[in-house]
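Coordinate inspection notes
Spelled out from the first residue to the last, the chains are:
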Amino acid sequence: MVRNIAIGTGRRKTAVARVFVREGTGKIVVNGKDVKEYFVTEEQTRMVRQPLLVTSNDNKFDILINVCGGGMNGQAAACLHGVSRALLQIDPDNRTALKANGYLTRDSRMVERKKYGQRGARRRFQFSKR
């Protein structure tokens, strides 16, 4: 049985990622698929790998990610946050590198709710004087 070394939870908008780090060769699996298969753009794939590159843990760990909610960019950012938190559990010395790049900060921007009597969150109906 493969043991998890560290577990991290990452969040962004409405996306939540549960990250499990294990000893291995650097393979990243997201929702049962390879990271390049799951995330469409190269930028999203790079975003998920970024904390590993910064802390130079590129080929030391296998990472298993379960992510749900939100869109693809939000999910990629949630994965980044979760991987960063998990790496912090493994080695607290990684904190300076991760903190300097802003990977430990939870991006709390959410979609503003629609208000009653309006067309959207801020958009009003067109005003007619006559």
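Quantities reported herein were computed from a predicted structural model and do not represent experimental measurements.

Before going further, it helps to examine the overall build of the chain. When its secondary structure is counted, the chain shows four helices and five strands. Listed N to C, the secondary structure of the chain is β-β-β-β-α-α-β-α-α in terms of helices and strands. In terms of its C-alpha atoms, the chain occupies a principal-axis envelope of roughly 70 × 30 × 25 Å. Contacts spanning at least 24 positions in sequence make up 66% of the contacts within the chain whose residues lie at least 6 apart. As presented, the chain carries roughly 8,500 Å² of accessible surface, and 50% of it is formed by carbon and sulfur atoms. Between the centroid of the 26 positive side chains of the chain and the centroid of its 11 negative side chains there is a distance of 17 Å.

Glancing now at the packing of helix H2 (residues 42–54) against helix H3 (residues 72–90). At a minimum axis distance of 8 Å, the contact between H2 and H3 shows a crossing angle of 10°. What the angle tells us is that H2 and H3 run roughly parallel. Contacts between H2 and H3 involve Gln44, Met47, Val48, Gln50, Pro51 and Leu52 from the first element and Met72, Asn73, Ala76, Ala77, Cys79, Leu80, Val83, Ser84 and Leu87 from the second. Partitioning the contact of H2 with H3 into residue classes produces 11 nonpolar, four polar and no charged.

Before going further, it helps to spend a moment on the packing of aromatic side chains. Evaluated as defined, the whole model comprises one aromatic pair. Plain terms: the ring middles of Tyr38 and Phe39 are 5.1 Å apart, the flat faces sit at 85° to each other, and that makes the pair edge-to-face.

Moving on, we come to the nonpolar core. Ranked by size, the top nonpolar core spans 27 residues in total, and within it Ile28, Val30, Phe39, Ile63 and Ile65 carry the most contacts. Of all elements in the fold, only strand S2 (15–23), strand S3 (28–30), helix H1 (35–38), H2, strand S5 (61–68) and H3 reach the threshold of two or more residues within this core. If one sorts the elements of this core by residue count, H3 sits on top with eight residues. Excluding residues within four positions of it along the chain, Ile63 makes contact with Val19, Phe20, Val21, Lys27, Ile28, Val29, Leu52 and Val83.

This paragraph deals with the environment of Val16. Mapped onto the secondary structure, Val16 falls in strand S2. Along the sequence, Val16 and Gly69 sit 53 residues apart, while their C-alpha atoms lie 6.4 Å from each other. Leaving out residues up to four positions away in the same chain, Val16 has contacts with Thr9, Gly10, Arg11, Asn66, Val67 and Cys68.

Further remarks concern the state of the cysteines. Enumeration according to the criterion identifies zero disulfides in this entry. Unpaired in this structure, Cys68 has its nearest cysteine sulfur neighbour in Cys79, at a distance of 10 Å. Assessed through its relative accessible area of 0%, Cys79 is described here as buried.

Another point: the side chain of Asn57. You can see Asn57 is positioned in the loop between H2 and S5. Only 3.4 Å separates the side chain of Asn57 from the side chain of Lys60, close enough to count as a polar contact. In contact with Asn57, not counting residues within four places along its chain, are Leu52, Leu87 and Asn94.

Moving on to the sheet that holds S5. Spatial strand order, S1-S2-S5-S3-S4: five strands in an open sheet with mixed pairing. The sheet is open, and its two edges are formed by strand S1 (6–12) and strand S4 (33–34), each paired on a single side. Bridge count between S1 and S2: seven bridges; the pairing is antiparallel. Paired with Gly8 across the bridge in S2 is Val19. Here H3 sits on the sheet and contacts S1, S2 and S5; the angle it forms with S1, its principal contact strand, is near 150°.

Reading guide: rules and limits
- Residues numbered from 1 in each chain as written.
- Predicted model: local features only at pLDDT ≥ 70, side-chain atom pairs only at ≥ 80, totals over all residues.
- Heavy atoms only, no water.
- Helix = DSSP H or I, 4+ residues; strand = E, 2+ residues; numbered from the N terminus.
- Contact = heavy atoms within 4.5 Å.
- Areas by Shrake-Rupley, 256 points an atom, 1.4 Å probe, with all protein chains shown as cover.
- Lys, Arg positive; Asp, Glu negative; His and termini not counted.
- Charge placed at Lys NZ, Arg CZ, Asp CG, Glu CD.
- Axes fitted to C-alpha atoms, helices over the stretch in contact; angles between N-to-C directions.
- Parallel < 35°, antiparallel > 145°, perpendicular 65-115°, else oblique.
- Nonpolar A, V, L, I, M, F, W, Y, C, P; charged D, E, K, R; others polar.
- Phe/Tyr/Trp six-rings, centres within 6.5 Å; stacked < 30°, edge-to-face > 60°.
- Core = buried A, V, L, I, M, F, W, Y, C linked by side-chain atoms within 4.5 Å.
- Buried < 20%, exposed > 50% of the residue type's maximum accessible area, 1.4 Å probe, protein only.
- Disulfide = S-S within 2.5 Å.
- Polar contact = N/O pair within 3.5 Å; in protein donor to acceptor, adjacent residues only side chain to side chain.
- Pairing = 2+ DSSP bridges.

Don't take any of this as a statement about function, it's just geometry.
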